[in-house]
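Summary of the model geometry
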Amino acid sequence: MKHALLGAVALALSACSGKAEKTYTVDELMADEPLLTKIMGECRNNPGKLRETPNCRNAEAADWKLRLERMRKSLGG
């Protein structure tokens, strides 16, 4: 009986965990600027909860790299 109850609780908890969010790499985000903009907006709207998530960190890195590339191009580099 204990095992059945434990199994039911484990099943219920796993059903509540929801769908895991895909983690994008810096290169993927640099290649897809609309996705980068979307993720950056979400991260900026809820920094207390999302700031340290992999997608927010990767989005910040991708944004920084794109800014540096644009700066280099504008300076003739």
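Up top you'll find the structure we're talking about.
Quick look at the structure, then.

Structurally, the position occupied by aspartate 63 is in helix 5 (residues 54-74). Apart from the residues within four sequence positions on either side, aspartate 63 is in contact with Leu36, Met40 and Arg44.

So, about helix 5. In a regular helix each residue adds 1.5 Å, so 21 residues correspond to 30 Å; helix 5 covers 30 Å between its end C-alpha atoms and thus fits that length. Among all positions of helix 5, only Asn55, Cys56, Ala59, Ala62, Asp63 and Leu66 are buried. Viewed end-on, helix 5 has its buried residues packed into an arc of 125 degrees, placing them on one side of the element. The outward face of helix 5, more than 90 degrees from its buried face, is lined by the exposed residues Trp64 and Arg72. Looking at the buried side of helix 5, the elements it contacts are helix 2 (26-31), helix 3 (33-45) and helix 4 (47-50). Among the residues trailing helix 5, glycine 76 stands out with phi positive, at a value near 85 degrees.

So, about the state of the cysteines. Going through the model one piece at a time under the given rule, you end up with one disulfide. A sulfur-sulfur separation of 1.8 Å characterises the disulfide bridge that pairs cysteine 43 with cysteine 56. Since a negative S-S torsion denotes a left-handed disulfide, the cysteine 43-cysteine 56 link at about -95 degrees is left-handed. Here cysteine 43 is found in helix 3, whereas its partner cysteine 56 is found in helix 5, with 13 residues between them in sequence.

Along the chain, the position of asparagine 55 falls in helix 5. Asparagine 55 sits in the buried class, given a relative accessible area of 5%. Here lysine 22 takes part through its backbone oxygen, which lies 2.8 Å from a polar atom of the side chain of asparagine 55. Dropping the residues within four chain positions of it, asparagine 55 is found in contact with Glu21, Lys22, Thr23, Tyr24, Leu29 and Ile39.

The rules behind each value
- Residues numbered from 1 in each chain as written.
- Predicted model: local features only at pLDDT ≥ 70, side-chain atom pairs only at ≥ 80, totals over all residues.
- Heavy atoms only, no water.
- Helix = DSSP H or I, 4+ residues; strand = E, 2+ residues; numbered from the N terminus.
- Contact = heavy atoms within 4.5 Å.
- Expected span 1.5 Å × (residues − 1).
- Buried < 20%, exposed > 50% of the residue type's maximum accessible area, 1.4 Å probe, protein only.
- Arc of directions from axis to C-beta.
- Disulfide = S-S within 2.5 Å.
- Polar contact = N/O pair within 3.5 Å; in protein donor to acceptor, adjacent residues only side chain to side chain.

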